[in-house]
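One letter stands for each residue in the lines below.
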Amino acid sequence: MATFARPENALKRAEELINVGQKHEALEALHSFITTRRYRAWTRTHERILFKYVELCVDMRRGRHAKDGLIQYRSICQQVNINSLEEVIKHFMQLSTEKAELARSQAQALEEALDVDDLEADRRPEDLMLSYVSGEKGKDRSDRELVTPWFKFLWETYRTVLEILRNNSRLEALYAMTAHRAFQFCKQYKRTTEFRRLCEIIRNHLANLNKYRDQRDRPDLTAPESLQLYLDIRFEQLKVATELELWQEAFRSIEDIHGLMCMVKKTPKSSLMVVYYAKLSEIFWMSSDHLYHAFAWLKLFSIQKSFNKNLSQKDLQLIASSVVLAALSVPPYDRSYDASHLELENEKERSLRVANIIAFDVEPKTESREVLSRTVLLSDLLSKGVMTCVAQEVKDLYYILEHEFLPLDLALKVQPLLTKISKLGGKLTSASSVPEVQLSKYVPSLEKLATLRSLQQVSQVYQTMNIDNLSKTIPFFDFSIMEKISVDAVKHNFLAMKVDYMKGAISFGNKNLESEGLLHHLTTFAESLSKARIMIHPPVRSALKSGETLSDLVETVEKEHRRLLARKSIIEKRKEEQERQLLEMEREEEAKRLKLQKITEEAEQRRLASEFEQMKNQRILREIEERELQETQALLLETEKHSKRKGKRPVLEGEKITKQSLMELALSEQLKDRQEMEKKLLRLVKTMDYLERAKREEAAPLIEADYQRRLAEEEALHEREQQQEVESSRQRHAGDLEEKKTLGRMFESKNLFQERVVGRRETEFNRLETEREERINQIIQSRKQEREVKRKFIHYLRGEEERQIRLHEEDEARKREETERRKREEAERKAKLDEIAEKQRQRERELEEKERQRREELLGRSSTRPSRVADLSAMPPPVEAAPTATAPPAAAAAPTPGKYVLRSKRMSAEGGGAQAQPAESDRWVSGSGSRMDDRPSQPSDRWRDDRRTSFGGGPPKSTSTWSSSRIRDR
């Protein structure tokens, strides 16, 4: 992957590659620049790079690269300049559209060029054979070769842009514009499959938008602008679906609009509702749901009458007539007759769903919704004043079919009215959503209704009728068609008739065993017998049993009420279970769909990757073939030149020649040339050998004579040069001696100057060396002082730290010793208190035992001597003489051991015995009759001396409590 120092370098490199024809390398370079994480700060150069990038993608039809680049660019400019992304996307769609239109115009031009009188005269044999084998016309092949790839790329462009803009609140307008352009593309070129996929894509976008509500830039559907954009997209989808005659997709679009409005709890404008009901009525008419079609027309009439102020009287009359005729076109019988329970439930659920769609309630209430029917529809026509606005022919037709009884003349009176009605209709000038109304489309349904009404009224008058006579009364259809209509009516329990072809007659009434009444004849017979028995033997109603009957009735009502409540709860549970199962099924289907979509996307990615690899291999093979062809042509030219130069036969252009044959020919020619050249060289070598040998034989004596001559000349020259060298050496020596003598006079001055310069330089050097040593010594001393100060400071810090640690450890040890000492004292105190409490409880148990024995003894004496009960009761209680004496009866009322009692209350409870005791301060009472603790007190246990007074042992030394003595000890 190429790296660039600046974004401008990447753009410049791409332009250079484009100029030399390497668009693929330029695209890869820009793609690597866009996807790198190095350049994430948006600049104006990024926008220019993206313009160039999308141009390359469009030229090479690389939709996948375009999508990756736009996604990366969205993350770059999302928070900085979102308008740049909008401009790039618009440019991308404009280029794709222009390319598709250009391909379409080229295909049309090619088709016009081929549109000649004699096709066989201008076509090659290969084209004729291809047309005979494939069976395709020229236009089909041109479309497949030129138009289809660009249309496919344009469709991928729309999908890519919608996927990028689906959850961006700041580009909602661009998202809506792209959706509209995609719808127009499908409408213009009749792309029904792509239209279904586009509707599913937009539907999934809205579902994901409602599912993931925590996204940062998610569009807010509660905002009026966003809601209007999404509504415009759905209504455009509805219009295109009806124009393409995709009625199922149109109904799903209706459900999308209703679901969107239920999601935001708002109702659209009246202009949009007019379009909604106009398309809905058209959908129901195409699906032969005349009942829902009539209700949709009724809602459309109400809206036009209420909100369209420009509606003329003629247009209102046409719309009202359409409503009435649509209502009359509904079959007069119930199609749910004799259906199973499951079919009835499904039909009820479907009817409620359609009723919510027609009523357009943003908060549907299933409990209060009434089921749509023909009776409700006709009553609404009367209550809303529709009959006052219709044409006179329609009004007469309504009263004949619904209110008059004309068994033999009904069809004859209806026929001229239908003829007049079929001529009514035309374009509406004041209702743009309903451009044209034709009442003639209701005539077949009205003829069928007139036939059913005639048969119904005839069946009420006649029991048997001739087939010919019946055919004369109903001029609309032949008897075969009339028979089909009557069979359908009998099936849905609207008529009861039987056709006898042997007699040529029709029988009306319930005369056969297959009639509805005889199916339950036993039940009818039992009910009749029960009524007769009651009439013969009426039940006796006495006043005595009226109360019982009333109570039984109340009980029965309560039981029935409970049963109904239980049944209602069971039904609700079943409904909840069914809804849960439906939700699970929908969830599973959604999971399957997502899984299938993921598999499809992966397969598509693999297919694109394989196509890319295949195209790359094909391009490489094509380049290799082109290069080989060029090499072959160059070799052919060289061979031809060589052959012409040699005088041989050149290679003819008309001959079939390949590179392999040409290479073999060239190799053979080269081999022949090499062999001829070797033969020439051998002949030339022999000739040169003979010539060289002859030359050397002739030149040998001449060379020897020349050698002797040159030897003599060089010897003379050597002697002459030797003499010249000796003479020049003597002259140089004499000159040197003369120069030495001249310079000898300056020797002393030179020595003095040298000594002076050397001495000065030595003095300067010594001075600099001394200064350097002094400076070095100063630096050493300063550094020694700094190290000493630093070492002392560190020693001080360490000593201080050790002292702090030692003090902290001593403090911790002192705290631990204090804590341990307190714990020991507390444990000793608790042990002594537990011991005293145990002794106290022992004394209490002994006192209680003695008291119980004394009471038993007193009770025994009272039983043996009843005459002395009064004397014993009058005797005063005995006074405790010793610690082992029996406690008096009043001791039973003594305070509970361990409870604090005031001295006044204690004195009043003890009575006379309290006067003999010395006066004491308030104290803790441990129970009367307890013995004194004679153990000697120890100096270290001061709490024992204080506690002894509380438990009745000896005179207290002080009036302080145990806690105060503990405080003093501390």
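Residues numbered from 1 in each chain as written. Predicted model: local features only at pLDDT ≥ 70, side-chain atom pairs only at ≥ 80, totals over all residues. Heavy atoms only, no water.

In the nomenclature of an unreviewed UniProt entry, the protein chain corresponds to Eukaryotic translation initiation factor 3 subunit A from the organism Fraxinus pennsylvanica. For the record of the protein chain, the UniProt heading Subunit (unreviewed entry) holds the text "Component of the eukaryotic translation initiation factor 3 (eIF-3) complex." (UniProt positions renumbered as here; feature names shortened; annotations may be inferred.)

Run through the overall build of the protein chain, naming residues and quoting values.
From N to C terminus, the protein chain includes 32 helices and 7 strands. The 970 residues of the protein chain split such that 30% are buried. Restricting the contact set of the protein chain to residue pairs at least 6 apart, pairs at least 24 apart contribute 70%. (Helix = DSSP H or I, 4+ residues; strand = E, 2+ residues; numbered from the N terminus. Buried < 20%, exposed > 50% of the residue type's maximum accessible area, 1.4 Å probe, protein only. Contact = heavy atoms within 4.5 Å.)

Got a sec to walk through a nonpolar patch on the surface? Specific residues and values, please.
Nonpolar side chains collect at one region of the surface, where Met677, Leu681, Leu684, Met688 and Leu691 lie side by side and expose about 490 Å² of accessible area between them. Checked against the element boundaries, Leu681 lands in helix α26 (residues 659-743). (Patch = residues over 30% accessible without salt bridge, like charges linked within 9 Å, V, L, I, M, F, W, Y side chains within 5 Å. Areas by Shrake-Rupley, 256 points an atom, 1.4 Å probe, with all protein chains shown as cover. Salt bridge = Lys/Arg side-chain N within 4 Å of Asp/Glu carboxyl O.)

Now, about the sheet that holds strand β4 (residues 497-500): what can you tell me, with residues and values included?
Strand order in the open sheet formed by 3 strands is β3-β5-β4, with antiparallel pairing between adjacent strands. Each having just a single partner strand, β3 (464-466) and β4 make up the two edges of the open sheet. Taken over all neighbouring pairs, the strand axes of this sheet differ in orientation by 20° on average, direction set aside. Pairing between β3 and strand β5 (residues 505-508): 3 bridges, direction antiparallel. Within β5, the position partnered with Asn466 by the bridge is Ala505. (Pairing = 2+ DSSP bridges. Axes fitted to C-alpha atoms, helices over the stretch in contact; angles between N-to-C directions.)

Please give an account of the pairing of β4 that cites residues and values.
In this sheet, β5 lies alongside β4 in antiparallel orientation, the contact comprising 4 bridges. Bridge assignment links Asp500 to a residue of β5, and that residue is Ala505.

Go over the environment of Glu402 with me, naming the residues and quoting the values.
Inspection of the secondary structure puts Glu402 in helix α18 (residues 392-402). In this structure, the C-alpha to C-alpha distance between Glu402 and Arg453, residues 51 residues apart in sequence, is 8.6 Å. One polar contact links Glu402 to Arg374, side chain to side chain, over a distance of 2.7 Å. (Polar contact = N/O pair within 3.5 Å; in protein donor to acceptor, adjacent residues only side chain to side chain.)

Summarise the packing of aromatic side chains; cite the residues concerned and give the values.
Here the distance between the centres and the angle between the planes together describe a pair of aromatic rings. Counted by the stated rule, this structure contains 15 aromatic pairs. A centroid spacing of 5.1 Å and a plane angle of 85° characterise the contact between Tyr276 and Tyr277, whose relative ring orientation is edge-to-face. Put simply, the rings of Phe151, Tyr158, Phe185 and Tyr189 pair up and form one aromatic cluster. Directly above the aromatic system of Trp150 lies the positively charged group of Arg61, at a separation of 5.0 Å from the ring centroid. Sitting above the plane of the Trp285 ring, Lys441 keeps its charged end 5.2 Å from the centroid. (Phe/Tyr/Trp six-rings, centres within 6.5 Å; stacked < 30°, edge-to-face > 60°. Lys NZ or Arg CZ within 6 Å of the ring centre and 35° of its normal.)

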